[in-house]
Amino acid sequence: MNPIILIPARMASTRLPGKPLADIHGKSMIVHVLDRAREAGLGPVAVAAGEPEIVAAVRAAGGTAVLVADDVPSGTDRVHRALATLDPEGKHDAVINLQGDLPTMPPALLVTLLGALASGEADIATLVAPVTSAEEAAASQVVKCACAFPDGAAVAPALYFSRHPIPWGEGPLFHHIGVYAYRRTALERFVALPASPLELREKLEQLRALEAGMRIVAARVDHAPFGVDTPDDLERARKALADHV
């Protein structure tokens with residue numbers, strides 16, 4: 001596959017305003033995410049930015065950024081618009097959507113993600129990690145994925161996503177990591193679909209794809225990287241990235 005990694009980022013955050021430009025050891029968070037993506041070595045990387053100051057920060061770090069008008073309903077739509085600007089000829093047949101608030105994302109997980117998409121006929125690939133505590137299982141901000149990995153399989157169909165602990169019964173639960181690899185044709189189809197009933201109910205846009213009959217696979221990884229949503233998360237990221245100074 002010939003992938004491109006796109007990182008949507010915008011300044012509006014209710015819990016951590018200006019989040020993409022938050023300083024982590026002299027480097028903005030969005031540049032740390034850009035670095036993790038470049039370290040994966042999969043292909044070109046660019047930021048789909050909602051504001052000019054994000055574009056400036058990325059370009060100052062030697063990266064590529066596209067300004068996307070802040071009238072899009074989601075990061076996925078922002079990625080789609082940026083892709084049209086960066087690759088109008090359609091050279092890239094796979095698109096990785098990497099959240100701009102994952103500065104500690106291990107680059108190897110992006111390699112795993114692309115491998116899951118390339119390994120079969122799925123439209124979309126994503127990542128999951130085992131839930132490790134009752135608190136994590138119960139937390140509504142931790143999205144769970146109903147999937148099963150028989151006989152040591154590393155990739156499995158993603159059957160449903162919920163903020164509720166699923167599936168019922170004895171066995172492992174899986175924490176969904178909100179990073180996606182799309183076949184380009186699947187991304188085009190996804191953004192053209194209207195919001196679906198279950199998507200609106202659970203506030204999870206990946207359910208739109210499942211309700212439309214699109215196939216999502218999940219690759220199992222050992223640990224879920226944490227996203228930066230609060231000042232406490234930011235301090236945690238600073239500690240975790242101390243070695244990247």
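Above this text you will find the structure in question.
Since the structure is predicted, the reported quantities are computational estimates derived from the model, not experimental observations. (Residues numbered from 1 in each chain as written. Predicted model: local features only at pLDDT ≥ 70, side-chain atom pairs only at ≥ 80, totals over all residues. Heavy atoms only, no water.)

Overview of the nonpolar core
In step 1: One finds Ile-5, Ile-7, Val-47, Ile-96, Leu-98, Leu-110 and Val-179 to be the most contacted residues of the largest nonpolar core, which totals 39 residues.
In step 2: Sort the elements by how many residues they give to this core and helix H4 (residues 107–118) lands first, with six residues.
In step 3: In terms of nonpolar packing, the next biggest core, distinct from the first, is built from 28 residues, Cys-145, Phe-174, Val-191 and Leu-207 among them. (Core = buried A, V, L, I, M, F, W, Y, C linked by side-chain atoms within 4.5 Å. Buried < 20%, exposed > 50% of the residue type's maximum accessible area, 1.4 Å probe, protein only. Helix = DSSP H or I, 4+ residues; strand = E, 2+ residues; numbered from the N terminus.)

Section: the packing of helix H3 (residues 75–86) against helix H6 (residues 184–192)
In step 1: Interhelical geometry of H3 versus H6 gives an angle of 125° and a closest axis separation of 10 Å. The angle between H3 and H6 places the two elements in the oblique class. For the crossing formed where H3 meets H6, the hand is left-handed. Between H3, through Thr-76, Asp-77, Val-79, His-80 and Leu-83, and H6, the contact on the second element is made entirely by Arg-184, Leu-187, Glu-188, Phe-190 and Val-191.
In step 2: In terms of residue class, the contact of H3 with H6 is made up of five nonpolar, two polar and three charged. (Axes fitted to C-alpha atoms, helices over the stretch in contact; angles between N-to-C directions. Parallel < 35°, antiparallel > 145°, perpendicular 65-115°, else oblique. Left-handed = near helix turned anticlockwise from the far one by under 90°. Contact = heavy atoms within 4.5 Å. Nonpolar A, V, L, I, M, F, W, Y, C, P; charged D, E, K, R; others polar.)

A short note on the layout of surface pockets
In step 1: A volume near 1700 Å³ is recorded for the largest pocket.
In step 2: Every residue lining the largest pocket is counted, 45 residues in all, and those nearest its centre are Lys-19, Gln-99, Asp-101, Gly-178 and Asp-229.
In step 3: Of all the secondary-structure elements, those providing two or more residues to the lining of the largest pocket are strand S1 (3–9), H3, strand S11 (174–183) and helix H9 (231–240).
In step 4: Sort the elements by how many residues they give to the lining of the largest pocket and S11 lands first, with six residues.
In step 5: For the lining of the largest pocket, the per-class residue count stands at 17 nonpolar, 15 polar and 13 charged. (1 Å grid on protein atoms, 1.4 Å probe; cavity = no way out; pocket = protein on both sides within 12 Å on 5 of 7 lines; lining within 4 Å. Points joined across faces, edges and corners; volume = space filled by probe spheres on them.)

Observations concerning the packing of aromatic side chains
Two measures describe an aromatic ring pair: the distance that separates the ring centres and the angle between the ring planes.
In step 1: Following the criterion strictly, the structure yields three aromatic pairs and no others.
In step 2: With 5.9 Å between their ring centres and 40° between their planes, Tyr-180 and Tyr-182 make a pair best called tilted.
In step 3: Ring geometry for Tyr-182 and Phe-190: centres 6.1 Å apart, planes at 50°, overall tilted.
In step 4: Relative accessible area serves as the criterion here: at 2%, Tyr-182 is assigned to the buried category.
In step 5: Residue classification places Phe-190 among the buried residues on the basis of a relative accessible area of 2%.
In step 6: Taken together, Tyr-180, Tyr-182 and Phe-190 form an aromatic cluster joined through their ring pairs.
In step 7: Seen from the ring of Phe-190, Arg-208 lies directly overhead, with NZ or CZ sitting 4.3 Å from the centre.
In step 8: The lysine or arginine in question, Arg-236, covers the ring of Phe-226, its NZ or CZ lying 3.9 Å from the ring centre. (Phe/Tyr/Trp six-rings, centres within 6.5 Å; stacked < 30°, edge-to-face > 60°. Lys NZ or Arg CZ within 6 Å of the ring centre and 35° of its normal.)

Description of the pattern of salt bridges
In step 1: In this structure the tally under the stated criterion is eleven salt bridges.
In step 2: Linking Arg-208 and Glu-199 is a salt bridge whose minimum nitrogen-to-oxygen distance equals 2.9 Å.
In step 3: Its relative accessible area of 9% is what places Glu-199 among the buried residues.
In step 4: Among the ionic contacts, a cluster of salt bridges with common partners joins Lys-19, Asp-101 and Asp-229. (Salt bridge = Lys/Arg side-chain N within 4 Å of Asp/Glu carboxyl O.)

Here we look at the pairing of strand S6 (residues 94–97)
In step 1: Taking every second residue as pointing to the same face, both faces of S6 are buried, with Ala-94 and Ile-96 on one and Val-95 and Asn-97 on the other.
In step 2: Of the pairings in the sheet, the one linking S1 to S6 comprises four bridges and is parallel in character. Of the residues in S6, the one forming a bridge with Pro-3 is Ala-94.
In step 3: Across four bridges, S6 lies against S11 in antiparallel orientation. Looking across to S11, one finds that Asn-97 is bridged to Tyr-180. (Pairing = 2+ DSSP bridges.)

Overview of the pairing of strand S12 (residues 216–220)
In step 1: Within S12, four of the five residues are buried, which leaves the element mostly enclosed by the surrounding structure.
In step 2: Inspection of the sheet shows strand S7 (residues 124–130) paired to S12 by five bridges, in the parallel sense. Bridge assignment links Thr-126 to a residue of S12, and that residue is Ala-218.
In step 3: Inspection of the sheet shows strand S9 (residues 155–157) paired to S12 by three bridges, in the antiparallel sense. Each residue of the ladder has a partner; that of Ala-156, found in S12, is Ala-218.

Let's talk about H9
In step 1: Taken together, the buried positions of H9 are Asp-233, Leu-234 and Ala-237. Around the axis of H9, the buried residues are gathered within 100° of arc, so they sit on the same side. For H9, the exposed residues set more than 90 degrees away from the buried face come down to Asp-232 and Lys-239.
In step 2: Buried residues belonging to H9 abut strand S2 (23–24). (Arc of directions from axis to C-beta.)

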